[in-house]
Amino acid sequence: GRTAVVTGGSRGIGLQMATALGEMGARVALTARRQDELDQARAGLERAGVECLTIPGDLADRGAIPRIVDAALAAWGQIDILVNNAGCNWAAPAEDYPDEGWRKVMGLNIDAQFFLCREVGKRCMIPQKSGKIINIASVAGLSGSPKGMHAIAYHTSKGAAVNFTRTLASEWGRYNINVNAICPGFFPSKMSQG
(Lines give C-alpha, C1' and ligand atoms only; values in the text may rest on other atoms or scores of the structure.)
Protein backbone atom coordinates (compact mmCIF):
# COMPACT_ATOMS: atom_id res chain seq x y z
CA GLY A 1 0.00 0.00 0.00
CA ARG A 2 3.01 2.35 0.00
CA THR A 3 4.21 4.48 -2.90
CA ALA A 4 7.84 4.30 -4.02
CA VAL A 5 9.83 6.41 -6.46
CA VAL A 6 12.89 4.67 -7.92
CA THR A 7 15.39 6.68 -9.96
CA GLY A 8 17.30 4.89 -12.67
CA GLY A 9 14.48 2.39 -12.38
CA SER A 10 14.39 1.08 -15.92
CA ARG A 11 17.22 -1.45 -15.52
CA GLY A 12 19.92 -2.84 -13.20
CA ILE A 13 19.69 -2.31 -9.45
CA GLY A 14 16.90 0.24 -9.89
CA LEU A 15 14.64 -2.23 -11.65
CA GLN A 16 15.53 -4.96 -9.14
CA MET A 17 14.64 -2.61 -6.26
CA ALA A 18 11.37 -1.65 -7.97
CA THR A 19 10.54 -5.32 -8.52
CA ALA A 20 11.20 -6.16 -4.86
CA LEU A 21 9.15 -3.21 -3.63
CA GLY A 22 6.32 -4.18 -5.98
CA GLU A 23 6.41 -7.78 -4.79
CA MET A 24 5.94 -6.45 -1.26
CA GLY A 25 2.85 -4.51 -2.33
CA ALA A 26 4.16 -1.04 -3.14
CA ARG A 27 3.02 1.06 -6.08
CA VAL A 28 6.18 1.96 -7.98
CA ALA A 29 7.03 5.07 -9.98
CA LEU A 30 10.08 4.55 -12.16
CA THR A 31 12.09 7.44 -13.50
CA ALA A 32 14.86 7.34 -16.08
CA ARG A 33 15.89 9.22 -19.21
CA ARG A 34 14.76 6.77 -21.89
CA GLN A 35 11.03 6.22 -22.36
CA ASP A 36 11.54 2.99 -24.33
CA GLU A 37 13.46 1.43 -21.43
CA LEU A 38 10.84 2.67 -18.98
CA ASP A 39 8.10 1.10 -21.13
CA GLN A 40 9.89 -2.26 -21.09
CA ALA A 41 10.38 -2.11 -17.33
CA ARG A 42 6.74 -1.15 -16.75
CA ALA A 43 5.51 -4.02 -18.94
CA GLY A 44 7.55 -6.51 -16.92
CA LEU A 45 6.37 -5.10 -13.60
CA GLU A 46 2.73 -5.05 -14.70
CA ARG A 47 2.99 -8.69 -15.84
CA ALA A 48 4.11 -9.44 -12.27
CA GLY A 49 1.06 -7.60 -10.90
CA VAL A 50 2.87 -4.46 -9.79
CA GLU A 51 1.08 -1.11 -10.15
CA CYS A 52 3.61 1.00 -12.04
CA LEU A 53 3.95 4.56 -13.29
CA THR A 54 6.78 5.75 -15.51
CA ILE A 55 8.10 9.29 -15.38
CA PRO A 56 10.74 10.16 -17.97
CA GLY A 57 13.25 12.73 -16.84
CA ASP A 58 16.92 13.55 -16.67
CA LEU A 59 17.94 14.12 -13.05
CA ALA A 60 20.98 16.06 -14.25
CA ASP A 61 18.42 18.77 -15.12
CA ARG A 62 17.37 20.28 -11.79
CA GLY A 63 14.11 21.46 -13.34
CA ALA A 64 13.11 17.83 -13.92
CA ILE A 65 13.10 17.05 -10.19
CA PRO A 66 9.93 18.98 -9.21
CA ARG A 67 8.18 17.62 -12.34
CA ILE A 68 9.02 14.04 -11.33
CA VAL A 69 7.64 14.61 -7.83
CA ASP A 70 4.56 16.37 -9.28
CA ALA A 71 3.83 13.37 -11.53
CA ALA A 72 4.07 10.84 -8.70
CA LEU A 73 1.89 12.98 -6.44
CA ALA A 74 -0.67 13.56 -9.19
CA ALA A 75 -0.99 9.80 -9.66
CA TRP A 76 -0.96 8.63 -6.04
CA GLY A 77 -1.00 11.63 -3.70
CA GLN A 78 1.99 10.55 -1.61
CA ILE A 79 5.57 9.33 -1.72
CA ASP A 80 6.55 7.00 1.11
CA ILE A 81 9.77 5.51 -0.25
CA LEU A 82 12.51 7.08 -2.35
CA VAL A 83 15.26 4.96 -3.90
CA ASN A 84 18.06 7.17 -5.25
CA ASN A 85 19.69 4.80 -7.70
CA ALA A 86 20.45 6.83 -10.85
CA GLY A 87 24.16 7.26 -11.37
CA CYS A 88 26.97 7.44 -13.88
CA ASN A 89 30.72 7.13 -14.24
CA TRP A 90 33.44 8.71 -16.37
CA ALA A 91 36.84 7.06 -16.55
CA ALA A 92 40.05 9.07 -16.88
CA PRO A 93 43.28 9.44 -14.90
CA ALA A 94 42.99 12.13 -12.23
CA GLU A 95 45.63 14.34 -13.86
CA ASP A 96 43.69 14.34 -17.13
CA TYR A 97 40.16 14.25 -15.74
CA PRO A 98 37.97 16.63 -17.77
CA ASP A 99 35.88 19.28 -16.05
CA GLU A 100 32.86 18.05 -18.01
CA GLY A 101 33.29 14.53 -16.66
CA TRP A 102 33.68 15.70 -13.07
CA ARG A 103 30.53 17.85 -13.24
CA LYS A 104 28.51 15.10 -14.95
CA VAL A 105 29.37 12.48 -12.33
CA MET A 106 28.99 14.77 -9.32
CA GLY A 107 25.84 16.32 -10.77
CA LEU A 108 24.01 13.02 -11.14
CA ASN A 109 25.56 10.92 -8.37
CA ILE A 110 25.33 13.45 -5.53
CA ASP A 111 23.67 16.74 -6.51
CA ALA A 112 20.56 15.04 -7.93
CA GLN A 113 20.29 12.80 -4.84
CA PHE A 114 20.29 15.84 -2.58
CA PHE A 115 17.83 17.89 -4.66
CA LEU A 116 15.41 14.98 -4.98
CA CYS A 117 15.61 14.17 -1.25
CA ARG A 118 15.00 17.83 -0.43
CA GLU A 119 11.96 17.98 -2.74
CA VAL A 120 10.41 14.72 -1.51
CA GLY A 121 11.28 15.50 2.10
CA LYS A 122 9.80 18.98 2.11
CA ARG A 123 6.68 18.11 0.12
CA CYS A 124 5.87 14.60 1.37
CA MET A 125 7.87 12.93 4.10
CA ILE A 126 8.32 15.75 6.61
CA PRO A 127 4.62 16.76 6.52
CA GLN A 128 3.47 13.12 6.88
CA LYS A 129 6.18 12.49 9.51
CA SER A 130 7.32 9.25 7.91
CA GLY A 131 9.35 7.93 5.03
CA LYS A 132 12.15 5.69 3.84
CA ILE A 133 15.04 6.91 1.69
CA ILE A 134 17.53 4.43 0.23
CA ASN A 135 20.60 5.90 -1.43
CA ILE A 136 22.56 3.56 -3.66
CA ALA A 137 26.20 4.31 -2.89
CA SER A 138 28.98 1.80 -3.60
CA VAL A 139 31.94 0.04 -2.05
CA ALA A 140 33.81 2.56 -4.21
CA GLY A 141 32.73 5.19 -1.69
CA LEU A 142 34.54 3.39 1.12
CA SER A 143 38.03 3.24 -0.39
CA GLY A 144 40.23 4.53 -3.18
CA SER A 145 40.35 3.10 -6.68
CA PRO A 146 42.03 -0.25 -7.24
CA LYS A 147 45.21 -0.19 -9.34
CA GLY A 148 44.41 0.48 -12.98
CA MET A 149 40.93 1.89 -12.37
CA HIS A 150 40.65 5.61 -13.09
CA ALA A 151 37.35 6.76 -11.62
CA ILE A 152 38.14 9.53 -9.15
CA ALA A 153 34.83 11.37 -9.59
CA TYR A 154 32.81 8.17 -9.14
CA HIS A 155 34.66 7.18 -5.97
CA THR A 156 34.42 10.74 -4.63
CA SER A 157 30.69 10.97 -5.38
CA LYS A 158 29.95 7.63 -3.73
CA GLY A 159 31.97 8.65 -0.65
CA ALA A 160 29.92 11.83 -0.55
CA ALA A 161 26.72 9.78 -0.85
CA VAL A 162 27.71 7.73 2.21
CA ASN A 163 28.26 10.80 4.37
CA PHE A 164 25.27 12.61 2.86
CA THR A 165 23.16 9.64 3.96
CA ARG A 166 24.56 9.74 7.50
CA THR A 167 23.91 13.47 7.80
CA LEU A 168 20.39 13.35 6.35
CA ALA A 169 19.52 10.41 8.62
CA SER A 170 20.68 12.46 11.60
CA GLU A 171 18.69 15.54 10.57
CA TRP A 172 15.47 13.80 9.51
CA GLY A 173 15.29 11.04 12.09
CA ARG A 174 13.17 13.38 14.23
CA TYR A 175 10.52 13.23 11.49
CA ASN A 176 10.47 9.42 11.55
CA ILE A 177 12.28 9.32 8.20
CA ASN A 178 14.81 6.51 7.83
CA VAL A 179 17.69 7.29 5.50
CA ASN A 180 20.07 4.46 4.58
CA ALA A 181 22.71 3.71 1.97
CA ILE A 182 23.48 0.45 0.24
CA CYS A 183 27.09 -0.01 -0.89
CA PRO A 184 27.10 -2.77 -3.52
CA GLY A 185 30.27 -4.21 -4.98
CA PHE A 186 30.82 -4.93 -8.65
CA PHE A 187 28.14 -6.92 -10.47
CA PRO A 188 27.17 -7.25 -14.14
CA SER A 189 25.50 -4.07 -15.40
CA LYS A 190 25.64 -1.71 -18.35
CA MET A 191 27.87 0.67 -16.36
CA SER A 192 30.31 -2.01 -15.15
CA GLN A 193 30.83 -3.57 -18.59
CA GLY A 194 33.78 -1.25 -19.23
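Up top you'll find the structure we're talking about.
Student: Mind showing me how you'd approach the overall build of the protein here?
Tutor: Along the backbone of the protein there are five helices and six strands. Traced from its N-terminal end to its C-terminal end, the protein shows the element sequence β-α-β-α-β-α-β-α-β-α-β. Taking 16 Å as the expected radius of gyration for a compact globule of 194 residues, we find that the protein reaches 16 Å, a close match to that expectation. Over its C-alpha atoms, taken along the principal directions, the protein stretches across nearly 50 × 40 × 30 Å. Burial statistics for the protein: of 194 residues in total, 45% are counted as buried. Summed over its atoms, the accessible surface of the protein is roughly 9700 Å², and 51% of this surface lies on carbon and sulfur atoms. On the protein, the mean spot of the 21 positive side-chain charges and the mean spot of the 17 negative ones are 5 Å from each other.

Student: Quick question: what am I supposed to make of the pairing of strand β6 (residues 177–182) here?
Tutor: Where strand β5 (residues 131–136) lies against β6, six bridges are found, and the strand directions are parallel. The residue of β6 that forms the bridge with Asn-135 is Ala-181. The handedness of the β5 to β6 crossover, carried by helix α5 (residues 152–172), is right-handed.

Student: In this structure, what is going on with the sheet that holds strand β2 (residues 27–32)? I would like to understand it.
Tutor: Backbone hydrogen bonds hold the strands of a sheet together, and the pairing may be parallel or antiparallel. Read from one edge of the open sheet, six strands run β3-β2-β1-β4-β5-β6, paired in parallel fashion. Whereas interior strands pair on both sides, the edge strands pair on one side only; in this sheet they are β3 (52–56) and β6. For this sheet, the mean inter-axis angle between neighbouring strands, taken without regard to orientation, is 15°. Strand contacts of helix α2 (residues 35–47): β2 and β3, with the helix running at about 175° to β3, the strand carrying the most contacts. Strands in contact with helix α4 (residues 99–128) are β1 (3–7), β4 (81–84), β5 and β6; relative to β4, the strand with the most contacts, it is inclined by about 180°.

Student: Please clarify how α5 should be interpreted in this entry.
Tutor: Within an α-helix, residues lying three or four positions from one another point in the same direction, as the helix has 3.6 residues per turn. Helix length check: α5 (21 residues) gives 30 Å between terminal C-alpha atoms against 30 Å at 1.5 Å per residue, within 8%. Three or more residues of α5 are buried, namely Ala-153, Tyr-154, His-155, Ser-157, Lys-158, Ala-161, Val-162, Phe-164, Thr-165, Leu-168 and Trp-172. Its buried side turned inward, α5 meets α4, β5 and β6.

Student: How should I be thinking about the environment of Val-50 in this particular structure?
Tutor: Looking at the element boundaries, Val-50 is found in the loop between α2 and β3. With 30 residues separating them in the primary sequence, Val-50 and Ala-20 have C-alpha atoms 9.8 Å apart. The contacts of Val-50, once residues within four sequence positions are left out, are Gly-22, Glu-23, Ala-26, Val-28 and Leu-45.

Student: Got a minute to help me understand the pairing of β4 in this structure?
Tutor: Working note: regular strand, side chains alternate between the two faces of the sheet. Residues Ile-81 and Val-83 line one face of β4 and the alternating positions Leu-82 and Asn-84 line the opposite face, and both faces are buried. The pairing of β1 with β4 spans three bridges and is parallel. When the bridges of β4 are listed, Ala-4 appears paired with Ile-81. Sheet topology note: the β4/β5 ladder contains four bridges and is parallel. Bridge pairing in β5 places Leu-82 opposite Ile-133. Between the parallel pair β4 and β5, the chain is carried across by α4, and the sense of this crossover is right-handed.

Here is what the cut-offs are and how they apply
Residues numbered from 1 in each chain as written. Predicted model: local features only at pLDDT ≥ 70, side-chain atom pairs only at ≥ 80, totals over all residues. Heavy atoms only, no water. Helix = DSSP H or I, 4+ residues; strand = E, 2+ residues; numbered from the N terminus. Rg over C-alpha atoms; globule rule 2.2 N^0.38 Å. Buried < 20%, exposed > 50% of the residue type's maximum accessible area, 1.4 Å probe, protein only. Areas by Shrake-Rupley, 256 points an atom, 1.4 Å probe, with all protein chains shown as cover. Lys, Arg positive; Asp, Glu negative; His and termini not counted. Charge placed at Lys NZ, Arg CZ, Asp CG, Glu CD. Pairing = 2+ DSSP bridges. Right-handed = clockwise from strand over helix to strand, strands pointing away. Axes fitted to C-alpha atoms, helices over the stretch in contact; angles between N-to-C directions. Contact = heavy atoms within 4.5 Å. Expected span 1.5 Å × (residues − 1).

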